[in-house]
Number of protein chains: 2
Amino acid sequence: MEVTNSLKASKGSREEIKNYFSDSAKTKHCPITDILSRLSDKWTIHTIITLGKSESLRFTELKKLIPGISQRMLTVTLRTLEEDGLLTRTIFPQIPPRVEYKLTPLGRSLVGQLIELSDWANENMVHILRSREEYILKKV
Amino acid sequence: MEVTNSLKASKGSREEIKNYFSDSAKTKHCPITDILSRLSDKWTIHTIITLGKSESLRFTELKKLIPGISQRMLTVTLRTLEEDGLLTRTIFPQIPPRVEYKLTPLGRSLVGQLIELSDWANENMVHILRSREEYILKKV
DNA sequence: CTGGATCCGCGATGATACTG
DNA sequence: CAGTATCATCGCGGATCCAG
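Conventions we followed
- Residues numbered from 1 in each chain as written.
- Chains lettered and ligands numbered in written order.
- Predicted model: local features only at pLDDT ≥ 70, side-chain atom pairs only at ≥ 80, totals over all residues.
- Heavy atoms only, no water.
- Least-squares fit on C-alpha atoms with pLDDT ≥ 70 in both.
- Contact = heavy atoms within 4.5 Å.
- Buried area = accessible area lost by both parts, 1.4 Å probe.
- Salt bridge = Lys/Arg side-chain N within 4 Å of Asp/Glu carboxyl O.
- Polar contact = N/O pair within 3.5 Å; in protein donor to acceptor, adjacent residues only side chain to side chain.
- Helix = DSSP H or I, 4+ residues; strand = E, 2+ residues; numbered from the N terminus.
- Nonpolar A, V, L, I, M, F, W, Y, C, P; charged D, E, K, R; others polar.
- Buried < 20%, exposed > 50% of the residue type's maximum accessible area, 1.4 Å probe, protein only.
- Domains from an automatic or database assignment.
- Near = heavy atom within 4 Å.
- Axes fitted to C-alpha atoms, helices over the stretch in contact; angles between N-to-C directions.
- Parallel < 35°, antiparallel > 145°, perpendicular 65-115°, else oblique.

Caption draft 1: Spatial organisation of the relation of the copies chain B and chain A. At an RMSD of 0.1 Å, chain B and chain A line up after a rotation of 180° and a shift of 0.1 Å along the axis. Accordingly, the operation relating the two chain copies is best matched by a two-fold axis. Residue S40(B) of chain B places its C-alpha closer to the rotation axis than any other residue of that unit, at 3.0 Å. A high fraction, 94%, of the interface residues of chain B reappear at the interface in chain A, so the copies pair face to face through one surface.

Laid out in structure tokens, this is it:
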């Protein structure tokens, strides 16, 4: 009954698609909210940037390069990015298995902006942290 | 005693601060994950961009300009941004109350990038949606 | 090596009602 | 107008075990 249910359970076929899109329609009233909320699954941006620095990477390599990510979250994140067409997943049928992840042109077109954003974060971290500190002190 | 304790329940005072920072330390191993995950509370980016288009806005104005946001979430988002020093909150002591929100220079320095990002989202939405569609069909 | 499947807690978010 | 307080829900994300 529940043979291969990918990550988000697929039983019906048409029914599922319908649900998928109606769900989408609800959340995705606006592309900004939609795409942007995807981008920061907490791991997505990091993943894209990491991939942006290489041609392609394997699962284990990614896991090492993204500190703190769990196996599951890496899998989920990669699948989502694949769904969105931001990266490709290539399986080499060998033993042991070898799978390579690589950004698509669409994915590449994002990397620049994300790096800028992370640079901004790095540069302004100090101010933000100090601001948070002061904010708390003000209230006590 | 608990005069203005914002939204996140504060009982102790020193204790609370301690927890706050230790929590921070845990999540904030890296500035990218930290700042970036804040940015897309699903509403934050939208809020910053909206404020970026005006000099300053009032609570209700913001609520109207950000479709779908709840009163509560707007409050929370604004408070977080204030904490981080990205905007200022000015209260005019009158009846009825008047509160204005305005980006700080730090906040303004982000607007450009966020607009770029949302432009990207708008431009590539179609591809992403189609990609998702194809992805589902492939699996069925 | 590269994940899939499951269980589960906690925090984020929404709905609703109330206030100065 | 601009919130605050409270409750209920729901999905993220971690831990763990399993498999090709």
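And the narrative resumes.
Caption draft 2: Structural detail: the interface of chain B and chain A. Each partner contributes to the interface: chain B provides 49 residues, whereas chain A provides 47 residues. Around 5,000 Å² of area is buried between chain B and chain A when both sides are counted, 70% of it from carbon and sulfur atoms. Run the count over chain B and chain A and you get two salt bridges. Inspection of the region where chain B meets chain A yields 12 residue pairs in polar contact (both at pLDDT 80 or more). Of all the secondary structure elements, the ones that give two or more residues to the side of chain B that touches chain A are α1 (14-27), α2 (31-39), α3 (44-52), α5 (71-83) and α6 (105-139) of chain B. By residue class, the composition of the side of chain B that touches chain A is 23 nonpolar, 13 polar and 13 charged.

Caption draft 3: Up close: the pattern of salt bridges. Counted according to the given criterion, the structure contains eight salt bridges over all chains. Between D84(B) and R132(A) there is a salt bridge whose closest N-O contact spans 2.6 Å. On the criterion of chain membership, the pair formed by D84(B) in the loop between α5 and β2 (87-92) and R132(A) in helix α6 (residues 105-139) is interchain, its members lying in two chains. With relative accessibility at 5%, the residue D84(B) sits in the buried group. Residues R98(B) and E100(B) are paired through a salt bridge, measuring 2.9 Å at the closest nitrogen-oxygen approach. Assessed through its relative accessible area of 17%, E100(B) is described here as buried. Put simply, R38(A), D84(A) and R132(B) are held in one network by salt bridges that share partners.

Caption draft 4: Representation of the side chain of T47(A) within the structure. Relative to the helices and strands, T47(A) is located in helix α3 (residues 44-52). If near-sequence neighbours (up to four positions away) are discounted, T47(A) is found in contact with I66(A), T77(A), L78(A) and L81(A).

Caption draft 5: Molecular detail of the domain arrangement of chain A. Residues and elements named next belong to chain A. Domain annotation for chain A reports domain 1 (1-40) and domain 2 (42-139). The interface is formed by six residues belonging to domain 1 together with 10 residues belonging to domain 2. Buried area between domain 1 and domain 2, summed over both chains or domains, comes out near 680 Å², and the portion from carbon and sulfur atoms is 60%. Applying the counting rule to domain 1 against domain 2 returns one salt bridge.

Caption draft 6: Representation of the protein's contact with DNA strand D. Taken together, 22 residues are adjacent to DNA strand D, and R72(A), R58(B), T60(B), R89(B) and Y101(B) come closest. Side-chain polar atom of S70(A) to a phosphate oxygen of DNA strand D: 3.3 Å apart, as the coordinates give it. One nitrogen or oxygen atom from the side chain of Y101(B) is found 2.3 Å from a phosphate oxygen belonging to DNA strand D. Looking at the surface near DNA strand D, the elements that each hand over two or more residues are α5 (71-83) of chain A together with α4 (59-65), α5 and β3 (98-103) of chain B. Here the element with the most residues in the surface near DNA strand D is α5(B); it accounts for four residues. Tallied by class, residues from the surface near DNA strand D come to nine nonpolar, five polar and eight charged.

Caption draft 7: Region of the structure containing the packing of α3(A) against α5(A). All names here are of chain A. Running from N to C, α3 and α5 cross one another at 75°; their axes reach a closest spacing of 10 Å. The orientation of α3 relative to α5 falls into the category roughly perpendicular. Here T44, T47 and I48 of α3 lie close against α5, whose contacting residues are T77, L78 and L81. In terms of residue class, the contact of α3 with α5 is made up of three nonpolar, three polar and no charged.

Caption draft 8: Representation of the side chain of T47(B) within the structure. Judged by relative accessible area, T47(B) falls into the buried class, the value being 0%. Within the structure, the side chain of T47(B) is placed 2.8 Å from the backbone oxygen of W43(B), a separation counted as a polar contact.

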